There are 2 protein chains.
Amino acid sequence: MNKINRVAIVGGTHGNEFTGVYLIKKFEEHLNLIKRPNFETLTLLGNPQAFKESRRYIDKDLNRSFLSQDLQNSTLSGHEEMRAQVIEKMLGPKGKSQVDVIVDLHSTTANMGLSILLGELHPFTLQLAAYLTSINPEVKVSYTPLEQESNLLRSLCDFGFAIEVGPVAQAVLNAELFQKTEELVYAVLDYVERSNQGTIENIDSSLTIYRYMGVIDFPRNDHGEIKAMIHPQLQFKDYQPLHPGEPIFLTFDGKAIAYEGTSTVYPIFINEAAYYEKGIAMCLTEKQQIEL
Amino acid sequence: MNKINRVAIVGGTHGNEFTGVYLIKKFEEHLNLIKRPNFETLTLLGNPQAFKESRRYIDKDLNRSFLSQDLQNSTLSGHEEMRAQVIEKMLGPKGKSQVDVIVDLHSTTANMGLSILLGELHPFTLQLAAYLTSINPEVKVSYTPLEQESNLLRSLCDFGFAIEVGPVAQAVLNAELFQKTEELVYAVLDYVERSNQGTIENIDSSLTIYRYMGVIDFPRNDHGEIKAMIHPQLQFKDYQPLHPGEPIFLTFDGKAIAYEGTSTVYPIFINEAAYYEKGIAMCLTEKQQIEL
């Protein structure tokens, strides 16, 4: 493993996810907290204007604005399209970035606890994830294989990942989750420091990951309006097994709708507020053991 | 008590409070659910544009836009300022309204359970509130004495009140709270029906109310930025006693800040997302017994 020279901690990529925003503010006020001897740590408030307005975004989701072709398109003039280009100037360019690691801090209305979201199974991030689960068993790791180029902010560099915490409402701080996220950031930095020092011991030889399979949308009518809610039995049950035939939705008339899959799955991002407009009621994952 | 001729059920006065929005949609599709023999029931989606954008409001809080002088000011052209005038045309005029009762459906990120919010202690609404608590002990009643003219939508008529349910994140449906709110609306309508029929038995001669005393803001720095979060021990503890000296905030550095009052109070709306910008971390109430 090559030396990590620079780590960027990003918060407020979504302006109404306050945990990350206020952690960035804290880190910027107390730089010593994130300083480590053997690499540089940068901080970035992703979308300050959206934060000012307590909104996820102004024109479009910033965290879907990092496709190479968009970053290179100077005719784009939406707020987030331009902000993405500014951020790329600071951290990028994509594929040849100034930072080696991006830790993007997110929060969710789903009961995701403390989640690490990976887009690639590189040995470095896997070892890091395994370390984080070893020091805090609450930490879960989910993995979304890339089928095409990623449009996420963290895709600017090779070792980008998100810390996703919840449940917490948008535009609200939950002190307990704030502190747990903060601890997790320090653990990441400490791990990178020891990796640079070459003092990483081999930890768990096996890691549980939740591998993305696909999404389920809410049932909708012809106008695209939702016709059902997450079933109470499934609400807040992220990362728990869902068996075929178990209820996932409840119509406004009180009728349960069952999960029609043929195998047990592990839903995550159940009832995330920002995903209603994306056509996502939950993401389905399968649970896997990975040998490191 | 005079006959109630018309009841208006309003939802989505705040566009990102989905419980009310989807209840209104349901009622409008199934009018029989809210029809009663001895009065007329109207429905109203308060701020459709804000709902479309999943925001509380577009330009300003619609539920603070019903002062008489604003309703009569035809030079106002903000989205909610104009919407308030349109709504007044449908339900008002203020002080001489076309409806006798307004039930305004709200939700909150605070743990308000099922709350009835009253602005006046009129025998009719008190009896109604007592009835609701008698059929569901989860129901709490809070009362904010008016010091000046109310700017709330429900102030258009004499017997306006809010049903405030939580905790639920903005722009999210929680099926359990949806169904409980629905039941509460039916209970209100059934009560009005029996009141009109003259078949109300005397219920509880005593009612617990939480009387508004004032608000506490977050600690803030010179730029108005918050310096602390709701303390974990207080989070979700709405309607529970808070004693002098008990922690209410936690600074970002992890220091607890105590409640400095001299008497036990009962905080409500603890950590409501929409109140950060209003300078409200929680409302303080005192618990009172009222004889009916």
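Refer to the structure printed above.
The rules behind these values
- Residues numbered from 1 in each chain as written.
- Chains lettered and ligands numbered in written order.
- Predicted model: local features only at pLDDT ≥ 70, side-chain atom pairs only at ≥ 80, totals over all residues.
- Heavy atoms only, no water.
- Helix = DSSP H or I, 4+ residues; strand = E, 2+ residues; numbered from the N terminus.
- Expected span 1.5 Å × (residues − 1).
- Buried < 20%, exposed > 50% of the residue type's maximum accessible area, 1.4 Å probe, protein only.
- Arc of directions from axis to C-beta.
- Contact = heavy atoms within 4.5 Å.
- Pairing = 2+ DSSP bridges.
- Axes fitted to C-alpha atoms, helices over the stretch in contact; angles between N-to-C directions.
- Salt bridge = Lys/Arg side-chain N within 4 Å of Asp/Glu carboxyl O.
- Phe/Tyr/Trp six-rings, centres within 6.5 Å; stacked < 30°, edge-to-face > 60°.
- Buried area = accessible area lost by both parts, 1.4 Å probe.

A. Spotlight on helix H4 (residues 79-91) of chain B. Residues and elements named next belong to chain B. Look at H4: 18 Å from first C-alpha to last across 13 residues, which is about the 18 Å you get at 1.5 Å a residue. Listed in full, the buried residues belonging to H4 are Glu80, Arg83, Ala84, Ile87, Glu88 and Leu91. In an axial view of H4, the angular spread of the buried residues amounts to 145°, which keeps them on one side of the axis. Along its buried surface, H4 packs onto strand E1 (6-11), strand E2 (40-45), helix H2 (48-52), helix H3 (68-71) and strand E3 (101-107).

B. Here's a closer look at the sheet that holds strand E4 (residues 113-118) of chain A. All names here are of chain A. Taken in spatial order, the nine strands line up as E2-E1-E3-E6-E4-E5-E7-E12-E11 in an open sheet, and their pairing is mixed. Because the sheet does not close on itself, it has two edges, and the strands there are strand E2 (40-45) and strand E11 (266-268). Averaged over neighbouring strand pairs, the angle between their axes works out to 30° when direction is ignored. When E4 meets strand E5 (residues 139-143), the two strands line up parallel, connected through five bridges. Its bridge partner lying in E5, leucine 114 is registered against valine 139. Here helix H4 (residues 79-91) sits on the sheet in contact with strand E1 (6-11), E2 and strand E3 (101-107), set at roughly 170° to E2. Contacts from helix H6 (residues 175-197) reach E1, E2, E3, E4, E5 and strand E6 (159-166) within the one sheet, and its direction differs from that of E6 by about 160°.

C. Here's a closer look at the environment of isoleucine 209 of chain A. You can see isoleucine 209 of chain A is positioned in strand E7 (residues 206-216). Residues isoleucine 209 of chain A and leucine 126 of chain A lie 83 residues apart in sequence; the distance between their C-alpha atoms is 9.6 Å.

D. Region of the structure containing the pattern of salt bridges. Residue and element names in this part refer to chain A. Under the counting rule described, the total for this entry stands at 24 salt bridges over all chains. Between arginine 36 and aspartate 190 there is a salt bridge, with its nearest N and O atoms 2.8 Å apart. Here arginine 36 is found in the loop between helix H1 (18-29) and E2, whereas its partner aspartate 190 is found in helix H6, with 154 residues between them in sequence. By relative accessible area, aspartate 190 is classed as partly exposed at 31%. Each of Glu17, Arg56, Asp61 and Lys278 takes part in one network of salt bridges that share partners.

E. Molecular detail of the pairing of E1 of chain A. Residue and element names in this part refer to chain A. Counting buried positions over the six residues of E1 gives five, a clear majority of the element. Where E1 lies against E2, six bridges are found, and the strand directions are parallel. Opposite valine 10, over in E2, you have leucine 44 as the bridge partner. Bridge count for E1 against E3 is five bridges, and the pairing is parallel. Its bridge partner lying in E3, valine 10 is registered against aspartate 104.

F. Representation of unusual backbone geometry. Residues and elements named next belong to chain A. Cis peptide bonds are those with omega within 30 degrees of zero, and the linkage from glycine 92 to proline 93 qualifies with 5°. Structurally, the position occupied by proline 93 is in the loop between H4 and E3. With an omega of 10°, the peptide bond between glycine 166 and proline 167 qualifies as cis. The residue proline 167 is located in the loop between E6 and H6 in this model.

G. Inspection of the packing of aromatic side chains at higher detail. Enumeration according to the criterion identifies 30 aromatic pairs over all chains in this entry. Judged by centre distance (5.8 Å) and plane angle (65°), the rings of tyrosine 210 of chain A and tyrosine 266 of chain A are edge-to-face. One end of the pair, tyrosine 210 of chain A, is in strand E7; the other, tyrosine 266 of chain A, is in strand E11, and 56 residues separate them in sequence. Of the two residues, tyrosine 210 of chain A and tyrosine 266 of chain A, neither departs from the other in class, the shared state being buried. Among the aromatic residues, ring-to-ring pairing joins Phe18, Tyr22, Phe51 and Phe178 of chain A together with Phe218, Phe249, Phe252 and Tyr276 of chain B into one connected group.

H. Representation of the sheet that holds strand E11 (residues 266-268) of chain B. All names here are of chain B. Strand order in the open sheet made by the nine strands is E2-E1-E3-E6-E4-E5-E7-E12-E11, with mixed pairing throughout. Either end of the sheet is taken by a strand with one partner, and the two such strands are E2 and E11. Pairwise comparison of adjacent strand axes, ignoring direction, gives a mean angle of 30° for this sheet. The pairing of E3 with strand E6 (residues 159-166) spans seven bridges and is classified as parallel. Counterpart to isoleucine 102 in the pairing with E6 is glycine 160. Packed onto the sheet, helix H6 (residues 175-197) meets E1, E2, E3, strand E4 (113-118), strand E5 (139-143) and E6 and runs at close to 160° relative to E6.

I. Molecular detail of the interface of chain A and chain B. In this assembly, 32 residues from chain A lie in contact with 32 residues from chain B. Across the interface of chain A and chain B, roughly 2,500 Å² is buried in total on both sides, 61% from carbon and sulfur atoms. Considering only the surface of chain A that becomes buried against chain B, Leu173, Met229 and Phe252 of chain A emerge as the three largest contributors, covering 20% of it. Counting across the interface, chain A meets chain B through two salt bridges. For glutamate 225 of chain B, the salt bridge is made with lysine 25 of chain A, and the minimal N-O distance between the two is 2.7 Å. The set of elements that each furnish at least two residues to the side of chain A that touches chain B consists of H1, H6 and strand E8 (228-230) of chain A. At five residues, H6 of chain A tops the list of elements feeding residues into the side of chain A that touches chain B.

J. Molecular detail of the environment of glutamine 72 of chain B. All names here are of chain B. Considering the arrangement of structural elements, one finds glutamine 72 in the loop between H3 and H4. Assessed through its relative accessible area of 66%, glutamine 72 is described here as exposed. Placed 70 residues apart in sequence, glutamine 72 and asparagine 2 show a C-alpha to C-alpha distance of 29 Å.

K. Fine view of the side chain of serine 107 of chain A. All names here are of chain A. Within the secondary structure, serine 107 is located in strand E3. A relative accessible area of 6% places serine 107 in the buried class. Other than its neighbours up to four places away in sequence, serine 107 contacts Glu17, Phe18, Thr19, Glu164, Val165 and Val168.

L. Molecular detail of H1 of chain A. All names here are of chain A. When the terminal C-alpha atoms of H1 are compared, their 16 Å separation across 12 residues agrees well with the 16 Å that a helix rising 1.5 Å per residue should span. The buried count for H1 comes to nine of 12 residues, which makes it a mostly enclosed element. Taken as a whole, H1 has its buried residues at Phe18, Thr19, Gly20, Val21, Tyr22, Leu23, Ile24, Lys26 and Phe27. Of the surrounding elements, those touching the buried residues of H1 are E1, E2, helix H2 (48-52), E3, E6 and H6.

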